[in-house]
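Inside the fold
Residues per chain are reported as follows:
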Amino acid sequence: MSAPRQWQDEVPAGPGGAMTDEVGVITGPLTLRTTAGPDGKVAFEVQYTDADEWYTLTGSPVAHGDPHALHRAALAAIRAGGGAQAPAPPA
């Protein structure tokens, strides 16, 4: 079984930040980690940059889609803020 594919980038949250399942909205300099699992699901986690705790981006995981494209879409959503959630894969 192959290891999950993963992308990680720092991203400044726009006004209204990113919505998480565990603590609600987080704002400021964040790090997004996107993981493509062997089951095809794409999971998104965010943290305050350089913190220890990771939080689930609300709406994660999504069922399928191009994980790198979804990572880029999640970065754009967090930059825009407004309680950003996990992006849905294109229909």
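Definitions and limits used
- Residues numbered from 1 in each chain as written.
- Predicted model: local features only at pLDDT ≥ 70, side-chain atom pairs only at ≥ 80, totals over all residues.
- Heavy atoms only, no water.
- Helix = DSSP H or I, 4+ residues; strand = E, 2+ residues; numbered from the N terminus.
- Contact = heavy atoms within 4.5 Å.
- Areas by Shrake-Rupley, 256 points an atom, 1.4 Å probe, with all protein chains shown as cover.
- Lys, Arg positive; Asp, Glu negative; His and termini not counted.
- Charge placed at Lys NZ, Arg CZ, Asp CG, Glu CD.
- Pairing = 2+ DSSP bridges.
- Axes fitted to C-alpha atoms, helices over the stretch in contact; angles between N-to-C directions.
- Core = buried A, V, L, I, M, F, W, Y, C linked by side-chain atoms within 4.5 Å.
- Buried < 20%, exposed > 50% of the residue type's maximum accessible area, 1.4 Å probe, protein only.
- Phe/Tyr/Trp six-rings, centres within 6.5 Å; stacked < 30°, edge-to-face > 60°.
- Lys NZ or Arg CZ within 6 Å of the ring centre and 35° of its normal.
- Polar contact = N/O pair within 3.5 Å; in protein donor to acceptor, adjacent residues only side chain to side chain.

1. Some thoughts on the overall build of the protein
Each helix and strand in the protein was counted, giving one helix and six strands. Dimensions of the protein, computed from C-alpha atoms along their principal axes, come out at roughly 35 × 30 × 20 Å. Put simply, of all contacts in the protein between residues at least 6 apart along the chain, 52% involve residues at least 24 apart. As displayed, the protein offers around 4900 Å² of accessible surface, 53% of which is attributable to carbon and sulfur atoms. On the protein, the mean spot of the 5 positive side-chain charges and the mean spot of the 10 negative ones are 10 Å from each other.

2. Description of the sheet that holds strand β4 (residues 29-36)
If you trace the four strands from one edge of the open sheet to the other, you get β1-β4-β5-β6, paired in antiparallel fashion. In the strand order of this sheet, the two ends are held by β1 (5-12) and β6 (55-56), each with one partner. In the sheet, β4 pairs with strand β5 (residues 42-48) via seven bridges, with the strands oriented antiparallel. Paired with Ala 36 across the bridge in β5 is Val 42. Helix α1 (residues 67-80) contacts β1, β4 and β5 of the sheet and is inclined by roughly 15 degrees relative to β1.

3. Thoughts on the nonpolar core
With 18 residues, the main nonpolar core has Leu 30, Leu 32, Phe 44, Val 46, Leu 57, Val 62 and Ile 78 as its most contacted residues. Of all the elements in the fold, those that place two or more residues in this core are β4, β5 and α1. When residues in this core are grouped by element, the largest group, four residues, is from α1.

4. Some remarks on the packing of aromatic side chains
Within this structure, the stated rule accounts for zero aromatic pairs. For Arg 33, the ring lying beneath its charged end belongs to Trp 54, and the centroid distance is 3.8 Å.

5. Examining the environment of Ala 88
Along the chain, Ala 88 falls in the segment after α1. Accessibility expressed as a relative area gives 64% for Ala 88, which makes it exposed.

6. Observations concerning the side chain of Gln 47
When you line up the elements, Gln 47 lands in strand β5. Owing to a relative accessible area of 7%, Gln 47 belongs among the buried residues under this scheme. Of the polar contacts made by the side chain of Gln 47, one reaches the backbone oxygen of Ala 51; its length is 2.8 Å. Apart from the residues within four sequence positions on either side, Gln 47 is in contact with Pro 29, Leu 30, Thr 31, Asp 52, Glu 53 and Trp 54.

7. What about the pairing of β4?
With seven of eight residues buried, β4 lies mostly within the body of the structure. Inspection of the sheet shows β1 paired to β4 by eight bridges, in the antiparallel sense. Bridge pairing links Gln 6 to Thr 35 in β4.

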